[in-house]
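Structural characterization, general
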Amino acid sequence: MTVHGTHNLRVENNVTYNTVGHCFFMEDGIEHGNQFVRNLAIQTKCHPTKACVPTNLAPNGENSFTNENRQAYRAASMSGKDTLLPSDNTVAAYWITNPDNTFIDNVAAGSDANGFWLSMPEHPNGAFLGTDQSKATWPRRTKFREFKGNVAHSSFDGFMFDRNINAENIFGLAGPSLMPRENPADPDSKRLETHFENLTAYKNRNGGFWGRGELFVVRNLKTADNAIGYTMSTGSIGDDVFTSRVVDSLFVGETENIGNPVTPEEIAYGRSLPKRLIPDYPIRGYEYYDYRLDVVNTTFVNFQDNQQRGAGALSWLLFTGAGVTTENTVTGAKYVNAKPVYFPKIDPRFDSDNRGAVSYRSAAIHDLDGSTTGIPDSYVLIHDGENDSVATDDTCRIQPTWNAAVCTGDIGRVQFSARRPGPTRGAGLALKDVALRSAVPAPVRATALAPAPPAKPITLSRNGKDFKITANQGTVRAGTEIRVNTERPEVAIGLTEMAKDSWVVFELPGFANATSGKQQDSLDALRKATETSYFKGPDAVWVKLFIPTAPKGVGRDQFGPLETQTSITVSR
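The rules behind the values
- Residues numbered from 1 in each chain as written.
- Predicted model: local features only at pLDDT ≥ 70, side-chain atom pairs only at ≥ 80, totals over all residues.
- Heavy atoms only, no water.
- Phe/Tyr/Trp six-rings, centres within 6.5 Å; stacked < 30°, edge-to-face > 60°.
- Helix = DSSP H or I, 4+ residues; strand = E, 2+ residues; numbered from the N terminus.
- Buried < 20%, exposed > 50% of the residue type's maximum accessible area, 1.4 Å probe, protein only.
- Lys NZ or Arg CZ within 6 Å of the ring centre and 35° of its normal.
- Disulfide = S-S within 2.5 Å.
- Salt bridge = Lys/Arg side-chain N within 4 Å of Asp/Glu carboxyl O.

Remarks on the packing of aromatic side chains
- Taken as a whole and assessed by the stated rule, the structure comprises 35 aromatic pairs.
- Geometrically, the ring pair formed by F36 and F103 is stacked, given 4.8 Å between the ring centres and 0 degrees between the ring planes. Remark: F103 occurs in strand β8 (residues 102-104) and F36 occurs in strand β5 (residues 35-37); sequence separation between them is 67 residues.
- Here F36 falls in the buried class, since its relative accessible area comes to 1%.
- Here F416 and F506 contribute two aromatic rings whose centre-to-centre distance is 6.1 Å and whose plane-to-plane angle is 85 degrees, an arrangement assigned as edge-to-face. With F416 in the loop between β32 (411-415) and β33 (458-462) and F506 in strand β38 (residues 503-509), this pair connects stretches of sequence that are 90 residues apart.
- The exposure class assigned to F506 is buried, which follows from its relative accessible area of 0%.
- The ring of F242 has R245 lying over it, and the distance from NZ or CZ to the ring centre is 4.0 Å.

Here it is as structure tokens:
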């Protein structure tokens, strides 16, 4: 069912079966005012006889390519001889190119790739590319009319609200984003919330719901028997009140629906597994990511480890190297036969990120009311024996099966690299197409530039224990003293996401100078200082980073994930 250049059409009570290519298809992104109501798409395929060559975030253990040759794989996927449209190899039962339409009570039952895929051009393309009508239409800044009551099951990804089509008629693995404005033509007009209600996602081999944007409110979402229930990525990189808020929802790890066991592992287990090629893949209900995600009044059922695989209700995107905040929150959570939190140990088979897990290694969840940890206003920090946080000490409660520690106090972030002052505003992914270098092979340069040598490592020490720092970042706890051991000639230290009047003291052996802050004449005076200061000892520089004002933001703990609140640079 193709809707092409057509508006205000009602598509209702249709049943499709065993179709090839996008099934319910809005072609160019100009289409608006259409209503899709109570339609059923069964078995949507990429090709009549051949397997898909999809562009998705499958774990490495499922991929037929490696991170090194992914560009060639994507080029073949989007422009191979058996591909009619670049997106056909990542086929969708419902292909949505403009949110100014209505989708109510539709079902995607068994797509080779996506159930519902919102993939928006910056401006409508195809037959309308370059027209005045196209130039005046901004799908990525347009509000959804209605999207409620829809069901996606037995696909790879159930609801995919990311990976937008570009002018080149190809798409990327990330962005741009859905960030609607009161006036879509004005990028500075008021940002609007996007509401999704009463969605159901089950038996999807990867994610029940993946989104990218800002101000998503997802209410009464029901997920079950997926590898991952829900993942959301930022669009404005911390520039909005929140990125996503999941409210009054239900996540079920495994139901009595055992599926169709086929492989030896499934037969032994007694039910089908989301990822047959990775039978020990850990199932998780809600994956945190980016900035800022809230889980509110939500119930988690049947997330327990067993001999086949690990499980957890709350987790993090495996094993992300992208942005992270300490202020992703949970409140009003309920757990029924469910382990509340699980940070799986880093395993390359489970990873689809390929960026070194630098953010995952410092993951944190803020439990506002104690409904997850039993301790109000506490933080869940990764604590797996390899990536323990320097914020953790004997006042924290260690949860070995979670690979986590539960700590109280003001938890923020420390950076050991120079950063631009203030937040990065306007850095969102909603406005323009981005270059998709991975869609085609990169040209060969006549001369290759030598990579910069890696910076000398940093090790933090506290209470007789050493802690590794990856990519110059980590979580830190107010009111602590930390030794910084490194061979670097200069170190910049900055704090973010901390409350007013919080402080951290750092001892830097072998360093002699500081470029800012107030000089104190003794270590005792430094410890009593109420401003960022330093003290030159005989064989070390001691610095105290003091937070003068609360970060800009909202919520019980205000936050500014890209805003350095205080910093100092020391040298030898």
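Quick word on the state of the cysteines
- Enumeration over the complete set of coordinates arrives at two disulfides.
- Two residues, C396 and C407, share a disulfide whose sulfurs are 2.1 Å apart. Of note, the bridge from C396 to C407 carries an S-S torsion of about 115 degrees and is right-handed in sense. Residue C396 is found in the loop between β29 (378-382) and β30 (397-399), and its partner C407 is found in strand β31 (residues 404-407); the two are separated by 11 residues along the sequence. In this structure, C396 and C407 share a single accessibility class: buried.
- Each disulfide in the protein chain links cysteines that, numbered along the sequence, combine into the pattern 1-2, 3-4.
- There is no disulfide at C23, and the cysteine sulfur nearest it, in C46, is 13 Å away.

Remarks on the pattern of salt bridges
- Taken as a whole, this structure holds 31 salt bridges when the rule is applied.
- When the shortest N-O distance is used, the salt bridge between R271 and E254 registers 3.7 Å. You can see R271 sitting in the loop between α3 (264-269) and β22 (283-288) and its partner E254 sitting in the loop between β21 (250-252) and α3, a full 17 residues away along the chain.
- On the basis of relative accessible area, R271 is assigned to the buried category, the value being 9%.
- What makes E254 buried here is its relative accessible area of 18%.
- E487 is the salt-bridge partner of K456, the closest N and O atoms lying 4.0 Å from each other. Within this pair, whereas K456 is found in the loop between β32 and β33, its partner E487 is found in the loop between β36 (480-486) and β37 (490-496), the two being separated by 31 residues in sequence.
- The class for K456 is partly exposed, based on a relative accessible area of 44%.
- Members of the salt-bridge network, linked through shared partners, are D225, E254, R271 and R309.

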